[in-house]
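# Descriptive analysis of the structure
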Amino acid sequence: MEKAAASPAVGGSYPQKNAEILSSQYGINLFLAGLLLTFAWAVHAVGISKSHLLSYLITLMLIQLLWMLWYLCRSCTQRRLIQDKDTHAGARWLKCGITLFAVITLILDSFKIGYYIDFSNCLSPTEGIFPVTHAVHTILQVYFLWCHAKDVIQSFKTLERFGVIHSVFTNLLLWTNGVLAESKHQLNEHKERLITLGFGNVTIVLDDHAPQCNCTTTTLCSIFSQGIYYLYPFNIEYHILASTMLYVLWKNIGRKVEHHQQDKTPFKFHGITVGMVFGLMVLTSTIAIVVVYLIQIGGSKIKSELALTMFYLHAIFVLVLMCTAGIVALLIYRLEDRSLDNSKNPARKLDAELLVGTAAGSWLLSWGSILAIICAQGHPKYTWYNLPYSVLVIIEKYIQNLFIIESIHREQEKVNDDIKTLRIVTVSRGSTLSLTPLYKEIYNGRATHDTREVPCLFKGSICGRENDGTGVAKEEMSEDNSLVMHPASDFSFYSRNSGTNNKRRILKNIAAFLFLCNLSLWIPPAFGCRPEYDNGLEEIVFGFEPWIIVVNLAMPFSIFYRMHSAASLFEVNCKT
């Protein structure tokens, strides 16, 4: 009988497991087909044009739009039903971040529409349809994620698995398309910079697929064409964030969720002044360095070398500070005795995997630079700064990953069972004046739970009052009205609590500092400040084309790592 009772449950899990496998394979094939089409267009494959790639992407976005509309309509009809929610998924700050990136993506789409109008005589209609479709797709997807990112789907599970995984890989393909377009623009500028540094043997011809006709409005065309490439970093981050949120939604389909209320962890500026000040100093200096770098690089050989030297020295200083802060945080964790939360959590697991996986991109670039410095026959002076920079990039990510992963897995401090609700009362010659607000104090454990005694904090004027089981108030008063403090033993808890608060304050400042530092280090590569392109040493050792391929593959992951780390550190700051 027990086997018969268990068999339906076991048998019922097989179709869902098969649906998960089939949907994942569908998504991977969808992505590979789009990836191959993107590559074919990039290398000018015979019979493949940009209109073919855009048509494929438009089709995928339309299918996702239909699925999201179906899901939203079905959710409206089942609004009264209680649905399971994953409280760890789709945090409010993450939704606000993706909304900001989506707004800038809409500006990018408007620039593309304007660009198409100006070059409409020689551009395919798909280049005008694509930004319109993408804008509608962006608006509906952000609304969908705001309303349903926390959902744990329990009905139509097989259909929903295919719909969600289709959305995941559609966003990944749109991310790939943005990375390719931005990389082609960077390569055109990169070749000019190498020539100014004296690497005149670079003969590769780069093609940016420029339109073969004149613009109707020259000024607007220049604004649109230049503005598009400055907005691509935000578009890239938008799609990768959307794909991660949708992936968590896909992993949560059919999951059994423990019904417990998660403590809200709002962000507070109180107590993190030091970390914010130092972080803002790093952010401000980084923006200044990027501006000077972009102005100086490519101007002349001397200016380019000075720009590279300035970048490396600033980055080395920032990375040393980040390593020091991370080590201090890990030492504080070693001094604390707190267990780790090993419960199943798809969002937290994905965060940890993304941190390590995307860090591999910058590790690859760093090891390539180290090998180039070791193997190169000639070494310009500025390349020697690249060695400590590359080593520190590896070490800093290693330390930061340990800190973030341990932070998101640490159990939050639970409220002590001996917390008592005390009413502060004033006693004056037998009369009692009760203050209106309730005051929560932590009882040091001297009284037992059975007697429910609450010690007076002060003799005379202030004492605790607590209701017993019959509802009769019990008061403790001293005979005299002098204000006398408790012995030190009564406040031993408060001294321990003070030490804990100091540790928490240090950790919050470290998290705030690292958060701003990661935002600072996201800015240079996202906006064209890429010494991996510009110092020229790696191209000599590995060859121009092989190294450029390595950089174009690894750089998007390195850029995403910084933004994802900043998001994770923001969460760490809220939870600490």
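You'll find the structure just up there.
Below, the structure is looked at part by part. Remember, predicted model here, so these are calculated numbers, not experimental data. (Residues numbered from 1 in each chain as written. Predicted model: local features only at pLDDT ≥ 70, side-chain atom pairs only at ≥ 80, totals over all residues. Heavy atoms only, no water.)

### A look at the overall build of the protein chain
- Looking only at helices and strands, one finds 14 helices and seven strands in the protein chain.
- Long-range pairs, those at least 24 residues apart, make up 83% of the contacts in the protein chain with a sequence separation of at least 6. (Helix = DSSP H or I, 4+ residues; strand = E, 2+ residues; numbered from the N terminus. Contact = heavy atoms within 4.5 Å.)

### A short note on the nonpolar core
- Phe 144, Met 322, Tyr 389, Phe 403 and Leu 514 are the most contacted members of the largest nonpolar core, which totals 122 residues.
- Broken down by element, this core gets its largest block of residues, 16 residues, from helix α6 (residues 218–251).
- Leaving out residues up to four positions away in the same chain, Phe 403 has contacts with Ala 329, Leu 330, Tyr 333, Leu 507, Ile 510, Leu 514, Leu 569 and Val 572. (Core = buried A, V, L, I, M, F, W, Y, C linked by side-chain atoms within 4.5 Å. Buried < 20%, exposed > 50% of the residue type's maximum accessible area, 1.4 Å probe, protein only.)

### Side note on helix α9 (residues 346–375)
- The first and last C-alpha atoms of α9 sit 43 Å apart over 30 residues, in line with the 44 Å expected at 1.5 Å per residue.
- Residue Gly 361 marks the point of greatest curvature in α9, where the axis turns by about 25°. (Expected span 1.5 Å × (residues − 1). Bend = angle between axes of the 7 residues up to and from the residue.)

### Some details on the packing of helix α2 (residues 50–77) against helix α4 (residues 126–148)
- It is the contact of α2 with α4, at a shortest axis distance of 9 Å, that shows an interaxial angle of 30°. Accordingly, the angle class assigned to the pair α2 and α4 is roughly parallel. Classified by chirality, the crossing of α4 by α2 is left-handed.
- Considered class by class, the residues forming the contact of α2 with α4 number 17 nonpolar, 10 polar and two charged. (Axes fitted to C-alpha atoms, helices over the stretch in contact; angles between N-to-C directions. Parallel < 35°, antiparallel > 145°, perpendicular 65-115°, else oblique. Left-handed = near helix turned anticlockwise from the far one by under 90°. Nonpolar A, V, L, I, M, F, W, Y, C, P; charged D, E, K, R; others polar.)

### Side note on the packing of aromatic side chains
- Throughout the structure, instances matching the rule amount to 20 aromatic pairs.
- Pairing Phe 234 with Trp 522 gives two aromatic rings, centres 5.8 Å apart and planes at 65°, and the pair type is edge-to-face. Of this pair, Phe 234 sits in helix α6 while Trp 522 sits in helix α11 (residues 492–526), and the two are 288 residues apart along the sequence.
- Classification of Phe 234 by relative accessible area gives buried; the value is 16%.
- In this structure an aromatic cluster arises from ring pairing among Phe 101, Phe 234, Trp 522 and Phe 527. (Phe/Tyr/Trp six-rings, centres within 6.5 Å; stacked < 30°, edge-to-face > 60°.)

### What about a nonpolar patch on the surface?
- Taken together, Val 274, Val 277, Phe 278 and Met 281 make up a surface patch of nonpolar side chains, about 380 Å² in accessible area.
- By the element assignment, Val 277 lies in helix α7 (residues 273–296). (Patch = residues over 30% accessible without salt bridge, like charges linked within 9 Å, V, L, I, M, F, W, Y side chains within 5 Å. Areas by Shrake-Rupley, 256 points an atom, 1.4 Å probe, with all protein chains shown as cover. Salt bridge = Lys/Arg side-chain N within 4 Å of Asp/Glu carboxyl O.)

### Notes on the pattern of salt bridges
- Within this structure, the stated rule accounts for five salt bridges.
- The partner of Glu 127 in a salt bridge is Lys 50, with the nearest N and O atoms 3.9 Å apart. Taken as a pair, Glu 127 in helix α4 and Lys 50 in helix α2 lie far apart in primary sequence, 77 residues in all.
- Overall, Glu 127 belongs to the buried group, its relative accessible area being 19%.
- Since its relative accessible area comes to 31%, Lys 50 is described here as partly exposed.

From the geometry alone we can't say anything about function, so treat these as descriptive.
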